Number of protein chains: 2
Amino acid sequence: MTEILAASRADEWRRLDPSRTVLMDLDRGQVVLELAPTFAPELLRNLRTLVRGGWFDGLSINRVQDNFVTQWGDAEGDRPLGAAAVRVTPEFERDWSAELRFTPLPDGDVFAPQVGFVDGFPVAGDRAAGRIWMAHCYGAVGVGRDSPADSGNGSELYVVIGHAPRQLDRNITVVGRVVMGTDLLAALPRGTQALGFYATAAERVPIRRVRFADDLPPDERPELEALRTDSASFSALVEARRNRRDDWYKRPAGRIDLCSVPLPVRKVPAAR
Amino acid sequence: MTEILAASRADEWRRLDPSRTVLMDLDRGQVVLELAPTFAPELLRNLRTLVRGGWFDGLSINRVQDNFVTQWGDAEGDRPLGAAAVRVTPEFERDWSAELRFTPLPDGDVFAPQVGFVDGFPVAGDRAAGRIWMAHCYGAVGVGRDSPADSGNGSELYVVIGHAPRQLDRNITVVGRVVMGTDLLAALPRGTQALGFYATAAERVPIRRVRFADDLPPDERPELEALRTDSASFSALVEARRNRRDDWYKRPAGRIDLCSVPLPVRKVPAAR
């Protein structure tokens, strides 16, 4: 992997778009999320309204369920949503339209007829039915909701910190993924209440501030770039992981599953 | 799940066998491992020799790599193995012999022609080739090794703490799985060195003591039982997870993957 990335061309990388990059500051460091307007435009709009209103500032991570999710939002349930909508049209899946740039992963999948990548996100789809959706891989960021399908508005978010819970696909809006700092969310103590909620307010992990990158001065934005999932170097990376050739591996798997494909993100090299 | 377990019969559960149950005591609590002599008899023997010689006592967890593994052993590399073997015949896979009680999971798999359960462990296999192996699901315990296939002797163990790294299947001996306390291994700070090793000795997590349960007085053994993977209640549980029927789920997945199947373990009810 190191060799392939070192040999990649500059134009195989894309800078993260500040208008869909969200920074969450915790006491221990910064978590960077990349959002997916191709799949969740309504949700993204509502999340921006929430974030501009300072919704998450001073709230906390309230739930850490082992091998499942870390979730943050308003534990006390008494902060007003401000200008944001309470109900948002579900964006669990979308039309598989012709303009989507889908890079297939031909290795197969237990849950869906097709899997691959769109705009750098792991996705699953049913081409015959004309439907496609974001897949719940490690690091996927979803929109917590109650039983009504439209009750997820972005005020509660979660990130996958265990084996891919693909049963959530098409049941909840996936709004993006963590591109840096997943470990800050995955290494937290697990909650002891039902569903991994923390038993006491003292256990909650404070959120200092959440901002969209383009609402910050340029020098406060992280300079990050992601390997394009439609690039030759990405294809080479997938193949190198599918069939490992180093001394250690005695029997290459010959296959790779969607959620095991690495999606490299790095600081923009200083030379550029 | 709660309802199915509540309705299960006593004889659908099996007590953990103390001769293949290992207890690892950390400052924060106890981790319980169940070992798989059906798949790794040689390794299990060597591990017992190591454990009886006090190998792990006072050693530490030295590596925590996000979305991959937590690993423990001798960070300094200077503790003698005592009566244990340095090299052990690899047990990466075994013959699919007739006496194995294999419960198939018919939902498919990206990596192997067959998947299912043997003796409570998730396994993958190739029936046509007559081979079967333990699968690297969340909580799987493997035997760290260097490049030579026989260099894994049990003195370094790891547990999977992320999305199932199935590319490791058939490349390393899986000796069992964590049945209680996985969170104690998964919620640790990630190491900042290459492969997630801790940068300093101070970061290492001390191991107080490791023992086989049958080497302890009965009152120090945990009284645990596991739902038999060849029981009717287990089948019902798999189906309930495959097709969720509660209000929250709008579209049941219709499928389940091997590493998403819950493997319930509980304290033996007081009434028995």
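As the structure is a computational prediction, the values presented were derived from the model and not from experiment.

Observations concerning the sheet that holds strand 7 (residues 102-104) of chain B
Residues and elements named next belong to chain B.
Alright, step 1. Here we have five strands laid out as an open sheet, ordered 6-10-9-8-7, and antiparallel in their pairing. Only two strands of the sheet have a single partner each, and these edge strands are strand 6 (94-95) and strand 7.
Alright, step 2. In this sheet, strand 10 (residues 131-134) lies alongside strand 9 (residues 121-126) in antiparallel orientation, the contact comprising four bridges. Counted as the bridge partner of Val123 is Met134 from strand 10.

Focus on the state of the cysteines
All names here are of chain B.
Alright, step 1. Taken as a whole, this structure holds two disulfides over all chains when the rule is applied.
Alright, step 2. Residue pairing for Cys137: its cysteine sulfur links by disulfide to Cys259, the two sulfurs lying 2.0 Å apart. The chirality of the disulfide connecting Cys137 with Cys259 is left-handed, given an S-S dihedral of about -70°. Here Cys137, found in the loop between strand 10 and strand 11 (140-143), pairs with Cys259, found in the loop between helix 4 (232-242) and strand 16 (265-267); they are 122 residues apart in sequence, far enough to count as distant.
Alright, step 3. Here Cys137 falls in the buried class, since its relative accessible area comes to 6%.
Alright, step 4. Classification of Cys259 by relative accessible area gives buried; the value is 9%.

Points about empty space enclosed by the protein
Alright, step 1. Overall, the coordinates contain eight cavities of 30 Å³ or more when judged by the stated rule.
Alright, step 2. Considering only enclosed or pocket space, the largest cavity measures out at about 200 Å³ in volume.
Alright, step 3. Along its surface, the largest cavity is lined by 18 residues, and A:Val110, A:Asp257, B:Val110, B:His163 and B:Asp257 are the ones closest to its centre.
Alright, step 4. Along the lines of polarity and charge, the residues of the lining of the largest cavity split into ten nonpolar, two polar and six charged.
Alright, step 5. Here the second largest cavity is characterised by a volume of approximately 50 Å³.
Alright, step 6. Lining the second largest cavity, in full, are A:Leu43, A:Val88, A:Thr89, A:Pro90, A:Phe92, A:Val143, A:Arg145, A:Ala149, A:Asp150, A:Gly152, A:Ile172 and A:Thr173.

Some points on unusual backbone geometry
Residue and element names in this part refer to chain B.
Alright, step 1. Of note in the backbone geometry, Asn67 takes a positive phi value of approximately 60° without being a glycine.
Alright, step 2. Taking relative accessible area as the criterion, Asn67 reaches 24% and is therefore assigned partly exposed.
Alright, step 3. Not every positive phi belongs to a glycine, and Asp119 is a case in point at roughly 55°.
Alright, step 4. Examined against the element boundaries, Asp119 turns out to sit in the loop between strand 8 (114-118) and strand 9.
Alright, step 5. Owing to a relative accessible area of 33%, Asp119 belongs among the partly exposed residues under this scheme.

Here's the deal with the packing of aromatic side chains
Alright, step 1. Here the structure, examined in full by the defined rule, presents eight aromatic pairs over all chains.
Alright, step 2. Relative to A:Phe102, the ring of A:Trp96 lies with its centre 4.7 Å away and its plane at 70°, an arrangement referred to as edge-to-face. We note that A:Trp96, like A:Phe102, is buried.
Alright, step 3. Between B:Phe117 and B:Phe234 the ring centres are 5.1 Å apart and the planes differ by 80°, which places this aromatic pair in the edge-to-face class.

Description of the pairing of strand 10 of chain B
Residue and element names in this part refer to chain B.
Alright, step 1. As judged from the two bridges shared by strand 6 and strand 10, these two strands associate in the antiparallel manner. Within the sheet, the bridge partner assigned to Asp95 lies in strand 10 and is Arg131.
Alright, step 2. Hairpin connection from strand 9 to strand 10: four residues lie between these consecutive antiparallel strands, with Gly130 at a positive phi of about 70°.

With respect to the environment of B:Leu184
Alright, step 1. Topologically, B:Leu184 is positioned in helix 3 (residues 182-186).
Alright, step 2. For the pair B:Leu184 and B:Gly125, spaced 59 residues apart in sequence, the C-alpha separation works out to 31 Å.

What about the side chain of A:Asp57?
Alright, step 1. Here A:Asp57 is to be found in the loop between helix 2 (41-52) and strand 4 (60-64).
Alright, step 2. Setting aside anything within four residues of it in sequence, one finds A:Asp57 in contact with A:Arg79, A:Ile207, A:Arg208, A:Arg209, A:Val210 and A:Arg211.

What counts and what doesn't
- Residues numbered from 1 in each chain as written.
- Chains lettered and ligands numbered in written order.
- Predicted model: local features only at pLDDT ≥ 70, side-chain atom pairs only at ≥ 80, totals over all residues.
- Heavy atoms only, no water.
- Pairing = 2+ DSSP bridges.
- Helix = DSSP H or I, 4+ residues; strand = E, 2+ residues; numbered from the N terminus.
- Disulfide = S-S within 2.5 Å.
- Buried < 20%, exposed > 50% of the residue type's maximum accessible area, 1.4 Å probe, protein only.
- 1 Å grid on protein atoms, 1.4 Å probe; cavity = no way out; pocket = protein on both sides within 12 Å on 5 of 7 lines; lining within 4 Å.
- Points joined across faces, edges and corners; volume = space filled by probe spheres on them.
- Nonpolar A, V, L, I, M, F, W, Y, C, P; charged D, E, K, R; others polar.
- Phe/Tyr/Trp six-rings, centres within 6.5 Å; stacked < 30°, edge-to-face > 60°.
- Contact = heavy atoms within 4.5 Å.

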